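Listed here are the chains, written in short residue letters.
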Amino acid sequence: MTDATSLVDERVQALLADLDPRSTDQVEFRGCQYDLGLAWVHFPEGYGGLGLPPVHQRRIDTALYQAGARGPGVRHFFGLTMAGPTIVTNGDDDLRRRLLRRAFTGEDAWCQLFSEPGAGSDLAGLSTRAVRDGDEWLVSGQKVWNTFAHMADRGMLVARTDPEAPKHKGLTYFALDMHAPGVEVRPLRQITGEAEFNEVYITEVRVPDGDRIGDVGDGWRVAMTTLMNERTTIGGGGGAPPRGSGSIAEAVRIWQEEMTDHDPAVRDRLMRLWIEAEALRLTNIRAGQNRRAGNPGPEGSIAKLKFAEINMAIYELCVDLLGADALVGFDYELRRTEGLGLTGPPGSSRKMFLRARANSIEGGTSEIQRNILGERVLGLPGEPRIDKDLPWSQVPR
Ligand SMILES: Cc1cc2nc3c(=O)[nH]c(=O)nc-3n(C[C@H](O)[C@H](O)[C@H](O)COP(=O)(O)OP(=O)(O)OC[C@H]3O[C@@H](n4cnc5c(N)ncnc54)[C@H](O)[C@@H]3O)c2cc1C
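Residues numbered from 1 in each chain as written. Predicted model: local features only at pLDDT ≥ 70, side-chain atom pairs only at ≥ 80, totals over all residues. Heavy atoms only, no water.

## Some remarks on the site of the ligand
Selection criterion: Whether a residue is near a molecule or strand is decided by its heavy atoms; if any one of them lies within 4 Å of it, the residue is near. Polar contacts, as counted here, are pairs of nitrogen or oxygen atoms within 3.5 Å of one another; within protein the pair requires one atom able to donate a hydrogen and one able to accept it, and residues that are adjacent in sequence qualify only if both atoms are side-chain atoms. Areas reported as accessible are Shrake-Rupley estimates using a 1.4 Å probe. Residue values count occlusion only from the protein chains shown. The helix count covers DSSP runs of H or I at least four residues long, the strand count covers runs of E at least two residues long, and both are numbered beginning at the N terminus.
Near the ligand, the surroundings consist of 19 residues, among which S115, S121, W145, T365 and E367 are the closest. T365 is positioned such that a nitrogen or oxygen atom in its side chain is 2.7 Å from an oxygen atom of the ligand. In this structure, a nitrogen atom belonging to the ligand sits 3.2 Å away from a side-chain N or O atom of N371. A total of 970 Å² of accessible area belongs to the ligand in isolation, and the protein chains cover 68% of it. For the shell around the ligand, the element with the highest residue contribution is helix α11 (residues 366–377), accounting for three residues.

## Digging into the packing of helix α2 (residues 26–35) against helix α5 (residues 93–105)
What counts is decided by this rule: Only the stretch in contact is used when fitting a helix axis, every axis being a line fitted to C-alpha atoms; angles between N-to-C directions are given from 0 to 180 degrees. Here the angle decides the label: under 35 degrees means roughly parallel, over 145 means roughly antiparallel, 65 to 115 means roughly perpendicular, and every other value means oblique. Take the far helix as your reference; a near helix turned counterclockwise from it by less than a right angle gives a left-handed crossing, and one turned clockwise gives a right-handed crossing. Whether two residues touch is decided by their heavy atoms; if any such pair falls within 4.5 Å, the residues are in contact. For this classification, Asp, Glu, Lys and Arg are treated as charged, while Ala, Val, Leu, Ile, Met, Phe, Trp, Tyr, Cys and Pro are nonpolar and the rest, including Gly, are polar.
Between α2 and α5, the least distance of the axes is 8 Å, while the angle of their chain directions is 130°. Overall, the two elements α2 and α5 adopt an arrangement that is oblique. Every pair of crossing elements has a handedness; the one defined by α2 and α5 is right-handed. Across the interface between the two elements, V27, R30, G31, C32, Q33, Y34 and D35 of α2 pack against R96, L100, R101, F104 and T105 of α5. A per-class count over the contact of α2 with α5 returns five nonpolar, three polar and four charged.

## Points about the layout of surface pockets
Rules: Both site types are read off a 1 Å grid over the protein atoms alone. A 1.4 Å probe that fits but cannot get out defines a cavity, while an open set with protein on both sides within 12 Å along at least five of seven lines defines a pocket; lining residues have an atom within 4 Å of a point. Grid points are joined across faces, edges and corners, and a volume is the space filled by probe spheres set on the points.
Roughly 250 Å³ of volume is contained in the second largest pocket. Elements supplying a minimum of two residues to the lining of the second largest pocket: α8 (264–290) and α9 (300–322). Here the lining of the second largest pocket takes seven residues from α8, the largest share from any one element.

## A word on the packing of aromatic side chains
Here is the rule we go by: Planes of paired rings set the category: under 30 degrees apart is stacked, over 60 is edge-to-face and the rest tilted, where pairs are Phe, Tyr or Trp rings (Trp by its six-membered ring) whose centres lie within 6.5 Å. Any Lys NZ or Arg CZ that is within 6 Å of a ring centre and within 35 degrees of that ring's normal is treated as a charge sitting over the ring.
Scanning the model with the defined rule gives seven aromatic pairs in all. Here the aromatic residues Y34, W40, F43 and F104 are joined through ring pairs into a cluster of three or more. In this arrangement the basic side chain of R30 is found over the ring face of F104, its NZ or CZ atom lying 4.0 Å from the centre. The ring of Y201 carries R186 above its face, with NZ or CZ at 4.0 Å from the centroid.

## A few points about empty space enclosed by the protein
Under the counting rule described, the total for this entry stands at one cavity of 30 Å³ or more. Considered as a void within the structure, the largest cavity measures approximately 40 Å³ in volume. Lining the largest cavity, in full, are V74, R75, H76, F77, F78, A109, W110, F148, M151 and A152. The residue inventory of the lining of the largest cavity, partitioned by class, reads eight nonpolar, one polar and one charged.

## Regarding a nonpolar patch on the surface
So the rule is basically this: Only residues above 30% relative accessible area that lack a salt bridge enter a patch, with like-charged residues linked at up to 9 Å and the nonpolar side chains Val, Leu, Ile, Met, Phe, Trp and Tyr linked at up to 5 Å. What counts as a salt bridge is simple: a side-chain nitrogen of Lys or Arg found within 4 Å of a carboxyl oxygen of Asp or Glu.
A surface patch of nonpolar side chains, amounting to about 290 Å² of accessible area, comprises V377, L378 and L380. Checked against the element boundaries, V377 lands in helix α11.

## Comments concerning the nonpolar core
Counted only if it meets this: Here the nonpolar core consists of buried residues drawn from Ala, Val, Leu, Ile, Met, Phe, Trp, Tyr and Cys, with membership extended through side-chain atoms lying within 4.5 Å. Remark: exposure states derive from per-residue accessible area (1.4 Å probe, protein chains only) relative to the maximum for the residue type, with buried under 20%, exposed over 50%, and partly exposed in between.
If you look at the biggest cluster of nonpolar residues, it comprises 33 residues, and the most contacted ones within it are W40, I87, L100, W110, F114, M156 and Y173. Looking at this core, the elements that each hand over two or more residues are α4 (77–90), α5, β4 (154–160), β5 (171–177) and α6 (219–234). Among the elements that take part in this core, α4 stands out by supplying six residues, more than any other. Apart from the residues lying within four places of it in its own chain, the contact partners of W40 are Y34, Y47, G48, G49, Q57, G79, L80, G84, P85, L100 and F104.

## Regarding the packing of α9 against α11
The N-to-C vectors of α9 and α11 enclose an angle of 145°; their axes lie 9 Å apart at closest approach. Where α9 crosses over α11, the handedness of that crossing is left-handed. On α11, the residues touching S301, I302, K304, L305, A308 and E309 of α9 are S366, Q369, R370, I372 and L373. Here the contact of α9 with α11 is built from residues that sort into five nonpolar, three polar and three charged.

## Here we look at the pairing of strand β1 (residues 110–113)
The following threshold applies: Criterion used throughout: strands pair if DSSP finds at least two bridges between them.
Side-chain alternation along β1 places W110 and Q112 on one buried face and C111 and L113 on a second face that is also buried. Bridging between β1 and β4 involves four bridges; their strand directions are parallel. Looking at β4, one finds that C111 is bridged to G155.

## Digging into the pattern of salt bridges
Following the criterion strictly, the structure yields 34 salt bridges and no others. Between D93 and R96 there is a salt bridge, and its shortest N-O distance comes to 3.5 Å. With D93 and R96 both in helix α5 and three residues apart, the pair spans about one turn of that helix. Relative accessible area serves as the criterion here: at 15%, R96 is assigned to the buried category. A salt bridge links E194 to K351; the shortest N-O distance between them is 3.2 Å. Separated by 157 residues along the polypeptide, E194 in the loop between β6 (183–188) and β7 (197–208) and K351 in helix α10 (residues 349–355) bring together distant segments of the chain. By sharing partners, the salt bridges in this structure join D94, R98, R154 and D211 into a single network.

So this is what it looks like as structure tokens:
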């Protein structure tokens, strides 16, 4: 057993000796987990980590889960997977102290305020303006497709602070207080009937300069930390799910439990998808073990791209297997989603087939992932970008 493993085990034992996860309030338990450096184990000591390779997190999470700790809920999702890594990498000590612990405990739920009606794939072209006013910034603009913004306390906001700079250079990143006057969140209904995401109107909202993450004009680089972590998380690279779990488990269940006619050609289709899902799972585990420290790199786009393709193909197979049954037992009620699942529980294929349509769009489209892989991993020539060096204010829109 290495020194690092012994340290992790000692800390886990200390936590469990102090608090029983089955009877302790979630905020208290997770707060203590953070203080012992077991929240994001690869973060520096004093900020929820022990400065160890991220691979140790799995050992911690497994031990706590076996002792009865609940998994992180939806309130933790954006804070845990995106805001935390962004703040620890780019924020100053004051921001790290104020925001990281609360993000981990779920006291602050986070959302991501990147996309706009005129800026999705071309995120650097966004128009939300932030104008300096003493120790504050006055922010106005509209964001869209913001998952869970209706439950969020903080938003990862990218805004334009210098319209005369080229588009990638005039952006700045803020931790927006979602309860500030001038922030309005409106539901957007999806193909499933649910309103998982929102549009967010920001009208002359005052943001303290102390809530700026990174330097003025450095928002693009800071946003990359968020996006690399997002792609890896969506692709399944953040953990190691058991073999045969997720959407492929549902396809196998339907095949075994709900089908009487076992056509060999359909079994072949099922097997091919099972193998692809397993290859992706193993690729993600290998990528996670190779990551010694820090944030995921552009190779996270492999996980994101393949996950989208495989998950969509699996749910398509599920509804094909169900045949006419796939057309019934599903309503189109408007609901505010309480959980975030890119794969669903048994029996949810009808809904998940529709939800999976978003997999190739959310977190950056499949075309954009291919561009990233082509340019940044394979070193192929870049796309022509004619507006790259023009002042943003002169780019035709
Ligand atoms: C379920 C869901 C949840 C989301 N949650 C959030 C969230 O919480 N926060 C947030 O900020 N955003 C969120 N988004 C928005 C998401 O990031 C954007 O939808 C996505 O980046 C695409 O942008 P767009 O919709 O403007 O499409 P566009 O950028 O207009 O793209 C349209 C089409 O053109 C293609 N295209 C565009 N540029 C290129 C190019 N250079 N090369 C090749 N093809 C190209 C695209 O691939 C796509 O097929 C979410 C989206 C979905 C579906």
